[in-house]
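Residue strings, one per chain:
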Amino acid sequence: MGIKAALPKYEIYFYNTVLCLAMFWAASWVLEVSSSNVNRKSFKTSVKPGWYYFGRRMDTADYEWMMWFSTFREHILFALSGHVLFAKICSMLAPQVLIDSYRSLVYMAYGLLAVWTSMGWTYVTLILSHCILLYSISLVKIRWLCFATGLCTLATFKCEPFVSWQAEFVEGDFELRKVLFYGGCGFTTMRCISFALENCERKDGNYNILELLKYNFYLPFFYFGPIMTFDKFYVQVNRSDLTRKEREMWNIGLQGAIHLAVVVVVDVLFHFMYILTIPSDLKLLRHVSDWALVGLAYFNLVYDWVKAAVMFGVINTVSRLDHLDPPRPPKCITMLYVFAETHFDRGINDWLCKYVYDHLGGKHDNVVQELVASLCTFGVTILWLGPCEVVLIWAFFNCFGLNFELWMAKFFSLEPFSSFEVSISEATSRRIRAIFNTFNFWSIVLYNILALNSLDFAKLVAKRLLLKGFPITTVVAMFVTYCLVQVIKERERKQALIDDPDPLPPAAPTNVGARLKGQDS
C-alpha cells in the first residue's frame, strides 16, 4: 500500500468527528475527578494555590515544568537573554567582518562565563578535564576506542561512587545545582563523543580542541540540550553567509509568541485537570472510570510532548537568532503509530541514529542486524537515562516493539499475504493496516507511561483497558484509536502529496485526421 492511498472525504470527516468527541468525553471525566478530589490529602504536596483570578488550586507535580516556567524562569530567561545581548554588544563594538569570522568564539566566551558564574570554577575544571580526555582519545582515530571511552565517561555520572565524588566539584548549595550538574555533565559527554567520532571520520588532519570547546560551551545547548551533532554545528556556526531568508525574523518572533501562548494554556489547564498528580494516587485510580483512566494515560503522553516541544522550542528560538538550524521538536503521540518514530527528544534520537542505530543497522531490512542495532541503541539509552528497574523495563518493551514491527513486515511480505494485498484496493489495504496500527499505538502508550509515570500506573491502565473493561471499554477505545490512526495517515498522505506531487496526466492527443477532414469539408 502506498502512503498516498486516499479514503472518501465523508469517511475522514467521520473519523475526525469521533476523535474530537472522544477527546472531549475523556477530558470531561478527568476534569470531574480533578474537581471532586481537589482537597484530597494525597494531593496536598503537589496541588497548590494557583492564579488568583481562577480561585482554584494548580497541579505542580512536574518539577521540570515548574522550574522552567515558574520557580527559575527569571534565571533561565536572564541567561538566554544575556547570550543574545552579549553577542549583539560585541557585534556593535567590533567590525562586522571580524564578528562574522569569530562569532563562535563570542558564544564560547559567554558560555564559559555563564557556567563559571552559575556553577563555580571547579565545575568548569571538571568539564574541561572530560573534554581534554575525549579530545586526546580522538587523536588516535580509533572509532570503537572513542565510543568506549565516551560511554565510560558517561557511566561516571550515572554510577556511585563516581557521581558523589564529582558532585563535590560544584560550589554553592542553591536548589538548581543538582539539575545543572547532571544536565551539563551528561550533555557534555554526548557532545564530546560526537566530536571524537566526527574527528575519526575526518580524512585530513584533526579538529583542534578549540572547536570542541566552542561546540560544548554554546550556552543555549549546554545544560538542557538539545544535542546537535558536531558535524552540523561546525558547518552552521562557521558559515560566512549570515543573510536571513525573507520573513525569517517574523517567523522566529511568531514561534516565540506561540511558545509563550502554549505555556499560558498549559498552566490554565493545570488549574482544572490534575493529570500529573492523579496517576500517583493508586488508591484513587482504582475507583475512577475507565474513560478517566484511559484519558489520563493519553493526556500524560501528550503533555510530555508539549513540555519537550516548548522547552526545546525556547532554546531553539535563541539558537535561530544565532543563525543555527537546531533539531526540530519531537513528533507528538497524536502523529505517530510506529515504534520507529517514537521519541521525546529529537536531538538524542538523531545522535543515536547517526552513531549507533543506522551505523549498525544498515538499511534496517535484515532481522539480525536490526536486533543488534536496536539492542546497542537501547543499551546506550539506558546508560543515558540512568540504569534502574523502570528504565530497563521501558527499554526492553520498546526494543521488542521496534523489532516486532520488522518481524511482522517480513512475515506479511510472504505469500499469500503479499498477493492478497495486491488484489485489494489501496483504500481497503489502508483500513486493514490501520487495524494493526491501532494495537501498535496502545503498545506505544503503555510502554512509555512506564517511564513517564510508574510501573503500577501502566499495569493498572493495561488491566482496565484489556481485562476489566472488556468488551465495551476495549472495543470503544480501540475504535477511537483506529479513527486517530486514520487521521494521522490522512495527514501523512497530504504531506506526501506536497513533498512528492503526482505527475500531471499527459494531455489527450489531438485527432489530426478528423481535424483535417473537417477543414476539407
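Owing to the predicted nature of the structure, the values given are computational and were not obtained by experimental measurement. (Residues numbered from 1 in each chain as written. Predicted model: local features only at pLDDT ≥ 70, side-chain atom pairs only at ≥ 80, totals over all residues. Heavy atoms only, no water.)

Another point: unusual backbone geometry. For the bond from Glu415 to Pro416, the omega torsion is 5°, close enough to zero to count as cis. Mapped onto the fold, Pro416 is located in the loop between helix H17 (389-412) and helix H18 (417-423). The residue after Phe470, namely Pro471, is reached through a cis peptide bond having omega 5°. With respect to the helices and strands, the residue Pro471 is situated in the loop between helix H20 (455-468) and helix H21 (472-499). Positive phi is not limited to glycine here, since Arg247 has a value of about 65°. With respect to the secondary-structure elements, Arg247 resides in the loop between helix H11 (230-237) and helix H12 (248-270). Residue Arg247 is classed as exposed on the basis of its relative accessible area, which comes to 52%. Here His323, not a glycine, exhibits a phi torsion of approximately 65°, which is positive. (Helix = DSSP H or I, 4+ residues; strand = E, 2+ residues; numbered from the N terminus. Buried < 20%, exposed > 50% of the residue type's maximum accessible area, 1.4 Å probe, protein only.)

Right, let's get into the packing of helix H6 (residues 143-155) against helix H8 (residues 177-201). Close contact between H6 and H8 brings their axes to 9 Å; oriented N to C, the two are set at 175°. On the basis of their axis angle, the class for H6 and H8 is roughly antiparallel. Across the interface between the two elements, Arg143, Cys146, Phe147, Gly150, Leu151, Thr153 and Leu154 from H6 touch Gly186, Thr189, Met190, Ile193, Ala196, Leu197, Cys200 and Glu201 from H8. (Axes fitted to C-alpha atoms, helices over the stretch in contact; angles between N-to-C directions. Parallel < 35°, antiparallel > 145°, perpendicular 65-115°, else oblique. Contact = heavy atoms within 4.5 Å.)

Under the local residue numbering, the UniProt record ascribes the feature "transmembrane region" (unreviewed entry) to residues 12-31, 76-99, 105-135, 217-235, 256-276, 296-318, 434-453 and 465-485. Strand forms 0% of residues 105-135 and helix 97%; the C-alpha atoms that close the span are 18 Å apart. Counted over residues 217-235, helix gives 53% and strand 0%. Its end C-alpha atoms are 16 Å apart. (UniProt positions renumbered as here; feature names shortened; annotations may be inferred.)

What follows deals with the environment of Lys158. Relative to the elements of secondary structure, Lys158 occurs in the loop between H6 and helix H7 (162-167). By relative accessible area, Lys158 is classed as partly exposed at 27%.

The next subject is the packing of helix H14 (residues 290-321) against helix H19 (residues 426-452). Closest axis-to-axis distance for the H14/H19 pair is 10 Å, and the angle between their directions is 70°. What the angle tells us is that H14 and H19 run roughly perpendicular. Taken together, the residues of H19 that come into contact with H14 (itself represented by Val294, Ala297, Tyr298, Asn300, Leu301 and Asp304) are Phe441, Trp442, Val445, Asn448, Ile449 and Leu452. Residue composition of the contact of H14 with H19, grouped by class: 9 nonpolar, 2 polar and 1 charged. (Nonpolar A, V, L, I, M, F, W, Y, C, P; charged D, E, K, R; others polar.)

It is worth spelling out the pattern of salt bridges at this point. Applying the stated criterion across every chain, the model contains 14 salt bridges. One salt bridge in this structure joins Arg202 and Asp204, with 3.9 Å as the shortest N-O distance. What makes Arg202 partly exposed here is its relative accessible area of 25%. (Salt bridge = Lys/Arg side-chain N within 4 Å of Asp/Glu carboxyl O.)

We now examine the state of the cysteines. For the structure on display, the rule yields 0 disulfides. Of all cysteine sulfurs, the one in Cys200 lies closest to Cys146, which takes part in no disulfide; the gap is 3.6 Å. The closest cysteine sulfur to the non-disulfide-bonded Cys353 is located on Cys399, 13 Å from its own sulfur. (Disulfide = S-S within 2.5 Å.)

What follows covers helix H9 (residues 209-216). By the criterion of burial, H9 is predominantly enclosed, with 6 of the 8 residues buried. Among all positions of H9, only Glu211, Leu212, Leu213, Lys214, Tyr215 and Asn216 are buried. The distance from a side-chain oxygen at the start of H9 to the backbone nitrogen of Leu210 is 3.0 Å, and the residue carrying that oxygen is Asn208. (Polar contact = N/O pair within 3.5 Å; in protein donor to acceptor, adjacent residues only side chain to side chain.)

Let us look at H12. A rise of 1.5 Å per residue sets the reference length of H12, with its 23 residues, at 33 Å; its end C-alpha atoms lie 33 Å apart and thus fit the reference within 8%. Looking at H12, one finds that the buried residues are Ile252, His259, Val263, Val266, Asp267 and Phe270. Against strand E2 (57-59), helix H2 (63-71) and H14 lie the buried residues of H12. (Expected span 1.5 Å × (residues − 1).)

Segments scoring low in pLDDT should not have their predicted coordinates read at a detailed level. Across the protein chain, the average pLDDT comes to 87, with 93% of residues at 70 or higher. Summarising per-element confidence for the protein chain, the mean pLDDT is lowest in helix H22 (residues 512-520) (46) and highest in helix H1 (residues 9-36) (95). Here residues 512-521 is modelled with pLDDT under 50, and outside its nearest four sequence neighbours on either side it reaches 1 contact, counting other chains as well. (pLDDT = per-residue confidence, 0-100.)

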